[in-house]
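Analysis of the macromolecular model
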Amino acid sequence: MRLIPALTLAALAGCTSFPELDAAQTPGIENAPYPQFVPIETLLADDTPVSTTPEAMEEVAARVAALRARAARLSAGPVIDNATRARMARGVVEG
């Protein structure tokens, strides 16, 4: 019987719009032609060097620094404090 509400919620979540994805869309992309399919061998044989902008490199470096800082915080100690861990160990008490 709980299946129907769960399916309803899942269906509603599927109808959600994602404005941050729409905002990331390049202007005019909805009118652009579909890309051409090419054999994988052509893609693998392409020796064109990949280039990037200094701004993109700065963004990547900032993201790397943020991820390293987050990893350091997570590895510094327990993620769950002792009081919360003790409460979780007691389990759920239905009242």
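Nothing here was measured: the structure is a model prediction, and the numbers come from that model. (Residues numbered from 1 in each chain as written. Predicted model: local features only at pLDDT ≥ 70, side-chain atom pairs only at ≥ 80, totals over all residues. Heavy atoms only, no water.)

**Focus: the overall build of the protein chain**
The cut-off we apply is this: Per the convention used, a helix needs a DSSP run of H or I reaching at least four residues, while a strand needs a run of E reaching at least two, with both numbered from the N terminus. The globule rule used for comparison is 2.2 Å times the number of residues to the exponent 0.38, while the radius of gyration itself is calculated over C-alpha atoms. Only protein chains enter the calculation, and the probe is 1.4 Å; a residue is then buried if its accessible area is under 20% of its type maximum, exposed if over 50%, and partly exposed in between. Only the protein chains shown count as cover for residues, and the accessible areas themselves come from Shrake-Rupley with a 1.4 Å probe.
Summing up its helical and strand segments, the protein chain has 5 helices and 0 strands in all. The N-to-C order of helical and strand elements in the protein chain reads α-α-α-α-α. A compact globule built from 95 residues should have a C-alpha radius of gyration of about 12 Å, whereas the protein chain, at 24 Å, is more than 25% larger. Judged by the C-alpha coordinates and their principal axes, the protein chain covers about 65 × 45 × 30 Å. Of all 95 residues assigned to the protein chain, the portion counted as buried reaches 0%. Total accessible area on the protein chain is roughly 9,400 Å²; 64% of this is exposed by carbon and sulfur atoms.

**Description of a nonpolar patch on the surface**
What counts is decided by this rule: By definition, no residue in a patch forms a salt bridge, and every one has over 30% relative accessible area; like charges are joined within 9 Å, nonpolar side chains (Val, Leu, Ile, Met, Phe, Trp, Tyr) within 5 Å. The working definition used for a salt bridge is a side-chain nitrogen of Lys or Arg within 4 Å of a carboxyl oxygen of Asp or Glu.
Taken together, the side chains of V38, I40, L43 and L44 present a nonpolar region at the surface, about 410 Å² in accessible area. Residue placement: I40 occurs in helix α3 (residues 40-45).

**Some words on helix α5 (residues 82-90)**
Basically, it comes down to this: Any pair of nitrogen or oxygen atoms within 3.5 Å is treated as a polar contact; in protein, a donor-acceptor pairing is required on top of that, and neighbouring residues in sequence qualify only through side-chain atoms on both sides.
Where burial is concerned, little of α5 is hidden: 0 out of the 9 residues are buried. Where α5 begins, one side-chain oxygen reaches toward the backbone nitrogen of A83, 3.2 Å away; that side chain belongs to D81. One or two residues past the end of α5 sits G91, with phi positive at roughly 85 degrees.

**Side note on the environment of I80**
Inclusion rule: Two residues form a contact once any of their heavy atoms are found within 4.5 Å.
With respect to the element layout, I80 can be found in the loop between α4 (54-75) and α5. Judged by relative accessible area, I80 falls into the partly exposed class, the value being 28%. With near-sequence residues (within four places) excluded, I80 lies in contact with R85 and M88.

**Some words on the environment of Q36**
The residue Q36 is located in the loop between α2 (19-23) and α3 in this model. Judged by its relative accessible area of 69%, Q36 falls in the exposed class. A C-alpha to C-alpha distance of 29 Å links Q36 and V60, two positions 24 residues apart in sequence.

**Section: the confidence of the model for the protein chain**
In low-pLDDT regions, the fine details of the predicted coordinates are not to be read closely. Formally: Values of pLDDT, which run from 0 to 100, indicate the predictor's confidence residue by residue.
Mean pLDDT over the protein chain: 83, with 92% of residues reaching 70 or higher. Within the protein chain, α2 has the poorest average pLDDT of any element, 69, and α4 the best, 93.

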